[in-house]
Amino acid sequence: MFNIVFIILAIVLFGKLSRVNKSIKDIKEELTELKSGRTNFSQQSAVTPQSSENPLSQPISNNSSLYNIVPPVDTLVKPPKTESDLMVWFKENPLLKIGILMILVGFGWFVSYAFTHNWIGPAGRVTLGVFIGTIVTLFGTWRLRKNEVQGNALTILGTALIIISILAGDYYYHFFGSYVVLGVIFIVSLYTSFSAVAYSTEKLAVYGMFISLLAPFLSHTSSTDPVLLYLYLGIVSLTAIWISIARNWRSINLIGITGILIYSLPDIMSNSAVFNISKYFILFTVYGISLLYLCVGVWSLIQNKIKAETGDVYLAIVNTLILLGFTVTIVPEIYQSLTIALWMLIYAFSGFFVFTRTRNEKLFYIHALLSVLLLAIATSIELSGPTLVIAFAIESAIVIIASFIVTGNIRIAESFSIVLAVPFFMSLQSLMSNKWGSGILHSDFTVLALMAIILAGLGFFYKIHKVPESVNSRLNYIMFIVSSFYVYSLIWLSSHALMSNDDSAVFVSLLIFTIIGLGSHFYGLFNRNDILKKYGMAILILVVARLVLVDVWKMELVLRVITFIVLGIMFMSTAFISKSQKTEANLIQK
């Protein structure tokens, strides 16, 4: 009884919705006619010469321009509220969606009842599901020619019925093995992908990629046969690449690389023993897949002459993570740095190639930074301690200068200065090393000296190639200031290492700091350079603060007197120099 009532209500609802749809269609047609008539009327009014007099003083007629002061109807109508994608999808031919859902529910009830009363045997049940799914899939493909929404929905419904039937035959009746299940699902996904390409429907292609990547999990081959798993992922990746090339659907590549990451991440994170089985076959399969994704991504940007998007950045980063994971897990340690360095060269060349062809800075940045990351990892595998810091500092300088040589753009080279953050923070350990207690001829001294030289050299490099409109045009001053930090550290640590009396070392260090501060301050004063003038004054303030807050309570009386008198004389002399500079400036103004 309930079923009959439900069918009657469904028929009534269908009739109501049909009338509502017809009414909405009629209203849209009327609005379109009104809008076109108002547009023609506005054009006629615009051609009519306007009087300079007050329109209210003119007699009102049908052709009067007074009607032009009435705001358009569109401005009085509030903009429609934005709806979610789900609601938009459901409102597009909603009866079709409801009908498909009802068919699924009804088919489920029928199958459940038939199975309970043994109307259909196990083999017949599976065969019936596959047969019905095939018919619905073929009908959906046929409908793609006339209606994309209906065709997509029916094709997805039919393929889902096929997959569910095959899985039921495997799980409950053990008719099929895992390889058969994997093969059937892949064939279904391949058919779906071919249909999507043939009828140019991207949503169907996304669905096909999704079920193809889900197949190893559903068939349990992802945990039982690693060789078959990665071979299958390679075939799926080739399919994804073919689809992306055929229709320029770059999102398909993102789905494919994400699937590989999901399946391989547990093995990489746990250093799984499955890699002991034909590990080099798995390694070269993954390397081949990664190289294909890299080449296709670069080719797509060059061929279509488009700018890199967030998806391209995601593809490059995930691809690099997969490469690193498999290299560290499978490749012997003695060859890891060489292998990573090889991939570094490939990424560097691809970024350079894209930039020369498209002037695409975004992808160049990403590939260059990934190359730097690979270079740093390869270096860290071979080196450690201060030697690693020295290598990072030299590599960072080379990367910055090479980016300018390749692009000819100093702004890009300035942007790559961020790579110096790694050797900078690592070099701070050399400031607190125990080796300073035994002299200055050690690796930590070399680290600080090399950082000072590299930063000063880059400061001169940025100054020579400085562009006035560059956002970071004062980056050369930052490099000089950070370089001076290392110089002061060397002076302080070296004086304490060479002198047995700490007070004498403090006196010598502060004296040198004062001379540098005064020289910088007056050089900036005479040459009208506010940055150097303020920099010198900051050094002098720090020297005075050190004396007053720390050293005045620790130094011996004799050194305390000498230090304060000498530094006081030097500070007093600045007053005469400043006065003469002001007098000279006033004479020039007069």
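In what follows, the structure referred to is the one given above.
Here we summarise the structure given alongside this text. (Residues numbered from 1 in each chain as written. Predicted model: local features only at pLDDT ≥ 70, side-chain atom pairs only at ≥ 80, totals over all residues. Heavy atoms only, no water.)

1. Notes on the overall build of the chain
And then number 1: In terms of regular secondary structure, the chain is built from 23 helices and 0 strands.
And then number 2: Buried residues in the chain amount to 39% of all 590 residues.
And then number 3: In the chain, 68% of the contacts between residues at least 6 apart in sequence involve partners at least 24 apart.
And then number 4: Split by element, the accessible area of the chain, about 34,100 Å² in all, is 70% carbon and sulfur. (Helix = DSSP H or I, 4+ residues; strand = E, 2+ residues; numbered from the N terminus. Buried < 20%, exposed > 50% of the residue type's maximum accessible area, 1.4 Å probe, protein only. Contact = heavy atoms within 4.5 Å. Areas by Shrake-Rupley, 256 points an atom, 1.4 Å probe, with all protein chains shown as cover.)

2. Some words on the packing of helix H13 (residues 310-330) against helix H15 (residues 361-382)
And then number 1: Where H13 meets H15, the closest approach of the two axes is 10 Å, and the angle between their N-to-C directions is 15 degrees. Between H13 and H15, the interaxial angle falls into the category roughly parallel. The two elements H13 and H15 meet at a crossing, and its hand is right-handed. Residue-level inspection shows Thr310, Asp312, Val313, Ala316, Ile317, Thr320 and Leu324 of H13 in contact with H15, the latter providing Lys362, Leu363, Ile366, His367, Leu370, Leu374 and Ile377.
And then number 2: By residue class, the composition of the contact of H13 with H15 is 9 nonpolar, 3 polar and 2 charged. (Axes fitted to C-alpha atoms, helices over the stretch in contact; angles between N-to-C directions. Parallel < 35°, antiparallel > 145°, perpendicular 65-115°, else oblique. Left-handed = near helix turned anticlockwise from the far one by under 90°. Nonpolar A, V, L, I, M, F, W, Y, C, P; charged D, E, K, R; others polar.)

3. Quick look at unusual backbone geometry
And then number 1: Phi at serine 200 is positive, roughly 55 degrees, even though this residue is not glycine.
And then number 2: Structurally, the position occupied by serine 200 is in the loop between helix H7 (178-199) and helix H8 (202-219).
And then number 3: In this model, asparagine 248 sits at a positive phi of 60 degrees, which is unusual for a non-glycine residue.
And then number 4: Classification of asparagine 248 as partly exposed rests on a relative accessible area of 35%.

4. A closer look at the nonpolar core
And then number 1: One finds Tyr293, Ile322 and Phe326 to be the most contacted residues of the largest nonpolar core, which totals 65 residues.
And then number 2: With residues up to four places along the chain from it excluded, the contact list for isoleucine 322 reads Ile257, Ile260, Leu261, Val286 and Ser290.
And then number 3: In this structure, Ala368, Ile410, Val419 and Phe461 belong to the second largest nonpolar core, which totals 30 residues. (Core = buried A, V, L, I, M, F, W, Y, C linked by side-chain atoms within 4.5 Å.)

5. Observations concerning helix H18 (residues 421-431)
And then number 1: Within the sequence span of H18, burial applies to Pro423, Ser427 and Ser430. Buried residues along H18 cover an arc of 30 degrees about the axis, so they all sit on one side. Facing away from the buried side of H18, by more than 90 degrees, are the exposed residues Phe425 and Gln429.
And then number 2: Close packing links the buried residues of H18 with helix H16 (386-407), helix H19 (443-464) and helix H20 (475-498). (Arc of directions from axis to C-beta.)

6. A word on helix H14 (residues 333-358)
And then number 1: If you check H14, its first and last C-alpha atoms are 38 Å apart, about what 26 residues at 1.5 Å a residue would give, namely 38 Å.
And then number 2: All buried positions along H14 are accounted for by Gln336, Ser337, Thr339, Ile340, Trp343, Met344, Tyr347, Ser350, Gly351, Val354 and Phe355.
And then number 3: Just past H14, the residue arginine 359 takes up positive phi, approximately 55 degrees. (Expected span 1.5 Å × (residues − 1).)

7. As for the pattern of salt bridges
Two side chains carrying opposite charge are able to pair once their charged atoms lie near each other.
And then number 1: Considering all chains together, one arrives at 2 salt bridges under this definition.
And then number 2: Close ionic contact of aspartate 312 with arginine 250 constitutes a salt bridge, the shortest N to O distance being 2.2 Å. Taken together, the residues span a long stretch of sequence, with aspartate 312 in helix H13 and arginine 250 in the loop between helix H10 (226-247) and helix H11 (251-270) at a distance of 62 residues. Accessibility classification places aspartate 312 together with arginine 250 in one group, the buried group. (Salt bridge = Lys/Arg side-chain N within 4 Å of Asp/Glu carboxyl O.)

8. Observations concerning empty space enclosed by the protein
And then number 1: Scanning all chains against the criterion turns up 3 cavities of 30 Å³ or more.
And then number 2: When its volume is computed, the largest cavity comes out at roughly 80 Å³.
And then number 3: Elements with a minimum of two residues in the lining of the largest cavity: helix H12 (279-304), H13 and H15.
And then number 4: Of the residues belonging to the lining of the largest cavity, the class tally is 7 nonpolar, 3 polar and 1 charged. (1 Å grid on protein atoms, 1.4 Å probe; cavity = no way out; pocket = protein on both sides within 12 Å on 5 of 7 lines; lining within 4 Å. Points joined across faces, edges and corners; volume = space filled by probe spheres on them.)

9. A look at the packing of aromatic side chains
And then number 1: Taken as a whole and assessed by the stated rule, the structure comprises 16 aromatic pairs.
And then number 2: On the numbers, 5.3 Å between centres and 65 degrees between planes, the contact of tyrosine 287 with tryptophan 343 is edge-to-face. Here tryptophan 343 lies in helix H14 and tyrosine 287 lies in helix H12, a separation of 56 residues in the sequence.
And then number 3: On the numbers, 5.7 Å between centres and 50 degrees between planes, the contact of tyrosine 365 with phenylalanine 416 is tilted. (Phe/Tyr/Trp six-rings, centres within 6.5 Å; stacked < 30°, edge-to-face > 60°.)

10. Some thoughts on the environment of valine 548
And then number 1: One can find valine 548 in helix H22 (residues 530-549).
And then number 2: In this structure valine 548 comes out as partly exposed when scored by relative accessible area, which is 43%.
And then number 3: Between the alpha carbons of valine 548 and phenylalanine 564 there is a distance of 10.0 Å; along the sequence they are 16 residues apart.

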